[in-house]
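Reading the structure
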Amino acid sequence: MPGHPETLPAFRAGHRLLLTLLPDDVSGRPVLGPAPRGLPLHHPHRRFPPGASLMERIQAIAQNVSDIAVKVDQILRHSLLLHSKVSEGRRDQCEAPSDPKFPDCLGKVEWMRARWTSDPCYAFFGVDGTECSFLVYLSEVEWFCPPLPWRNRTATQTALKPLPKVQAVFRSNLSHLLELMGSGKESLIFMKKRAKRLTAQWAVAAQRLSQKLGAVQRDQKQILVHIGFLTEESGDVFSPRVLKGGPLGEMVQWADILAALYVLGHGLRITVSLKELQSNLGVPPGRGNCPLTVPLPFDLVYTDYHGLQQMKQHMGLSFKKYRCRIRVIDTFGTEPAYNHEEYATLHGYRTNWGYWNLNPKQFMTMFPHTPDNSFMGFVSEELNETEKQLVRGGKASNMAVVYGKEASIWKLQGKEKFLGILNKYMEIHGTVYYESQRPPEVPAFVKNHGLLPQPEFQQLLRKAKLFIGFGFPYEGPAPLEAIANGCVFLQSRFSPPHSSLNHEFFRGKPTSREVFSQHPYAENFIGKPHVWTVDYNNSDEFEAAIKAIMKTQVDPYLPYEYTCEGMLERIHAYIQHQDFCAAPGPAPPGTRALQSPFVLAPNATHLEWAQNASVAPGAWPPAHSLRAWLAAAGRACTDACLDHGLICEPSFFPFLNSQDAFQKLQVPCDSTESEMNHLYPAFAQPGRECFLQKEPLLFSCAGSSTKYHRLCPCRDFRKGQVALCRDCL
């Protein structure tokens, strides 16, 4: 390149790399043999599984070319920064400028003078202790200082041209996904077996969703999936327990997420080690204080709290730049009050897991219990009509299976009382792990099968009448599997409800949610006759429930949102419509629009979106599905919306955060204040004060106080798909 002859070898090397690795046909064979040393390629696109479609092969090749281009760009950028020489005649031009547009520049230069040797990454980017190297770094690698006028900007701004958009195509063959998932861990083996077992159901679901979407255009996304809890650095406590009855819920969910993303036709990269994560992100050598060496090559990143922490530690400033692309798989949810770092610290909501200042919708839960977050879910195996008929004819009316594979679950105090009652009416079976001797915690009258492989466990459920929980584990997949196999699920009612205030399991989790039973989703969204929730301490109530269940006939049942099609539909909608990188720019609190979009409903109980109001551009869910109520004092918006058969929708809060909304609801505001509080907007009866929300990240469906009537945004939802409104597809 002109003025930079030292970059030409790297540029040529980059072209050699391209020539070396571009496949000559869909078989993936390289044109000119192996890649040069020093550029490890970790992209498993060399072979294609039997049965892979032509489109899948083309997509894999396109992904390969994209990866190579990223590597070339990395070489170029590194070469330009590392080898750019500053002539002696320009020493006088290397004084830190005082520019009001860059107020932090001088302070950052001071910091670099004192600390540039604290992390080898600075030297990697060409910092050598001179003022010029500081300013080049702070203006071209980071963005605290203004560009230096004498620098060749065209050279230093070499960037990848965006590749042409490729349309996502549904996939039905998962064999390439199984290769991408890797091996070597029991957890990965479990996940691969699950994906393989469900392949036929994913294929049928893809076909149905494709027909439903019709001609909808879907851009293929490049997606990094980093499963942080499986990395050695996070301890990976799950893998050693897979074969010993340990919790499998997280692995079930991750297996289904990987399958859904792949079936939807997106480009996937999967990492379960910190080294793989660093390589895929383009982390420079060092201690993680510098930005990435290249623009993030992924449109989306799915990870968990462990992975989120690892990314923050190793991405430097790039973490803040790209965090809007991250989706955090978060089993129990993160409420806005815990997510906002300053607010959580000031008001006692700080925990080990929250305070990330993400959009709360970036957290994705296992069940739809927290509308402030996105419901990701998982799938249960769906029976076809033939299997349902076999289940109906093969049920034993007096057979019960206990929920829980670890012996510790059987240590529950008082279990002898209700198990003794159950034993009068039913034969009790367990699936508790043991190595040589029967676990002493399991009573002698229980027939223990030991830990069963999933297919055998399914067969046991298909024979059983009852699946009974002991109160733990909370909100796992097994009750849904049991109900899908024709069992009645019996669980304990908690009084008082379990929460972070009174139960060790929830302590430290970033939620104040109260759990009234072992499986609130089963209780609230399924209910009788499939789910019975009773007080186990009340022997009469427990015994009456057993007698009633034995007389009750139930068919296998699986909510649509937990089928393969339901999960595909939901994730498709999220990828298509959720964009947390586009600044929404809501009007400041109290700002009045020229024309209010709301009208008071004919019965004067709530607000609706006016038919003649302009549609809010880019709003998703569509704003016309908004219904707004003033909740009773002490009522959370989550519950207030459910009272009306609706779902709280936090993305609608900005529309309501105005004096106009209170006026339309005929709320008498003697004064209106704007403050940071996760319960606002709200009305305080004493003093007739109205409060608006000052911080958009604190808009929260969760939370209540007897002092406030909260202003709550609600929406409708698709039958069997609570995460999506009727017009959300």
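Residues numbered from 1 in each chain as written. Predicted model: local features only at pLDDT ≥ 70, side-chain atom pairs only at ≥ 80, totals over all residues. Heavy atoms only, no water.

A closer look at the packing of aromatic side chains
Each aromatic ring pair is specified by the distance between its two centres and by the angle formed by the two planes. Counted by the stated rule, this structure contains 42 aromatic pairs. Aromatic ring contacts, followed pair by pair, group Phe332, Phe472, Tyr474, Phe494, Phe505 and Phe506 into a single cluster. Lying across the ring of phenylalanine 170, arginine 218 places its NZ or CZ 4.2 Å from the centre. If you follow arginine 570 out to its NZ or CZ, it ends over the ring of phenylalanine 375, 4.2 Å from the centre. (Phe/Tyr/Trp six-rings, centres within 6.5 Å; stacked < 30°, edge-to-face > 60°. Lys NZ or Arg CZ within 6 Å of the ring centre and 35° of its normal.)

A closer look at the packing of helix 9 (residues 199-213) against helix 22 (residues 564-577)
Running from N to C, helix 9 and helix 22 point in directions that differ by 50 degrees, and their axes come no closer than 8 Å. When the axes of helix 9 and helix 22 are compared, the pair comes out oblique. Once helix 9 is placed against helix 22, the crossing between them reads as right-handed. Residues Gln201, Trp202, Ala205, Ala206, Arg208, Leu209, Lys212 and Leu213 of helix 9 lie in contact with helix 22, whose contacting residues are Cys564, Glu565, Met567, Leu568, Glu569 and His572. The class makeup of the residues in the contact of helix 9 with helix 22 is eight nonpolar, two polar and four charged. (Axes fitted to C-alpha atoms, helices over the stretch in contact; angles between N-to-C directions. Helix = DSSP H or I, 4+ residues; strand = E, 2+ residues; numbered from the N terminus. Parallel < 35°, antiparallel > 145°, perpendicular 65-115°, else oblique. Left-handed = near helix turned anticlockwise from the far one by under 90°. Contact = heavy atoms within 4.5 Å. Nonpolar A, V, L, I, M, F, W, Y, C, P; charged D, E, K, R; others polar.)

Thoughts on the nonpolar core
Counting 84 residues, the largest nonpolar core has Met191, Trp202, Tyr302 and Phe467 as its most contacted members. Setting aside chain neighbours within four positions, we find methionine 191 in contact with Met181, Ile227, Leu230, Met251, Trp254, Ala255 and Leu258. The next biggest cluster of nonpolar side chains, apart from the first, holds 26 residues, and it includes Ala400, Ile409, Val442 and Leu490. (Core = buried A, V, L, I, M, F, W, Y, C linked by side-chain atoms within 4.5 Å. Buried < 20%, exposed > 50% of the residue type's maximum accessible area, 1.4 Å probe, protein only.)

Thoughts on the sheet that holds strand 5 (residues 363-365)
Strand order in this open sheet of six strands is 2-1-3-4-5-6, and the pairing throughout is parallel. Looking at which strands have only one partner, the edges of the open sheet turn out to be strand 2 (267-271) and strand 6 (374-375). Note: strand 4 (residues 326-329) against strand 5, two bridges, orientation parallel. In the strand pairing of strand 5, isoleucine 329 is matched with methionine 364. Against the sheet, helix 10 (residues 249-263) touches strand 1 (222-226), strand 2, strand 3 (300-303), strand 4 and strand 5, its axis set at about 170 degrees to strand 1. (Pairing = 2+ DSSP bridges.)

What about the pairing of strand 16 (residues 627-630)?
With two bridges joining them, strand 15 (residues 607-609) and strand 16 adopt antiparallel strand pairing. Residue pairing in the sheet places leucine 607 in a bridge with alanine 628 of strand 16. Taken together, the four bridges between strand 16 and strand 21 (residues 708-715) define a ladder with antiparallel strand orientation. Across the sheet, residue leucine 630 finds its bridge partner in strand 21, namely leucine 711.

Let's talk about the pairing of strand 8 (residues 427-430)
Here three bridges tie strand 7 (residues 399-403) to strand 8, and the two strands are oriented parallel to one another. Within strand 8, the residue paired with methionine 399 across the bridge is glutamate 427. Pairing of strand 8 with strand 9 (residues 447-448), which is carried by two bridges, proceeds in the parallel orientation. Bridge pairing links histidine 429 to lysine 447 in strand 9.

Some words on the confidence of the model for the chain
Interpretation of the predicted coordinates at a detailed level should be avoided for regions scoring low in pLDDT. Across the chain, the average pLDDT comes to 87, with 84% of residues at or above 70. Per-residue pLDDT stays below 50 along residues 590-594; that stretch engages in six contacts with residues further than four places along the chain or on separate chains. (pLDDT = per-residue confidence, 0-100.)

Considering the environment of leucine 292
Its place among the elements puts leucine 292 in the loop between helix 11 (274-281) and strand 3. Here the alpha-carbon distance between leucine 292 and histidine 314, two residues 22 residues apart in the chain, equals 8.6 Å. Discounting residues that sit within four places of it in the chain, leucine 292 has contacts with Phe125, Leu281, Gly282, Val283, Pro284, Met315, Ser318 and Tyr322.

Overview of the side chain of threonine 303
Tracing the backbone through its elements, the reader meets threonine 303 in strand 3. Filtering out sequence-adjacent residues up to four positions away, threonine 303 remains in contact with His226, Gly228, Trp254, Leu308, Met311, Ile326, Arg327, Val328 and Ile329.

Focus on the state of the cysteines
In this structure the tally under the stated criterion is nine disulfides. Disulfide pairing places cysteine 641 opposite cysteine 714 at an S-S distance of 2.0 Å. Disulfide cysteine 641 to cysteine 714: torsion about the S-S bond roughly -80 degrees, handedness left-handed. Of this pair, cysteine 641 sits in helix 23 (residues 637-643) while cysteine 714 sits in strand 21, and the two are 73 residues apart along the sequence. Each of the two residues, cysteine 641 as well as cysteine 714, counts as buried. (Disulfide = S-S within 2.5 Å.)

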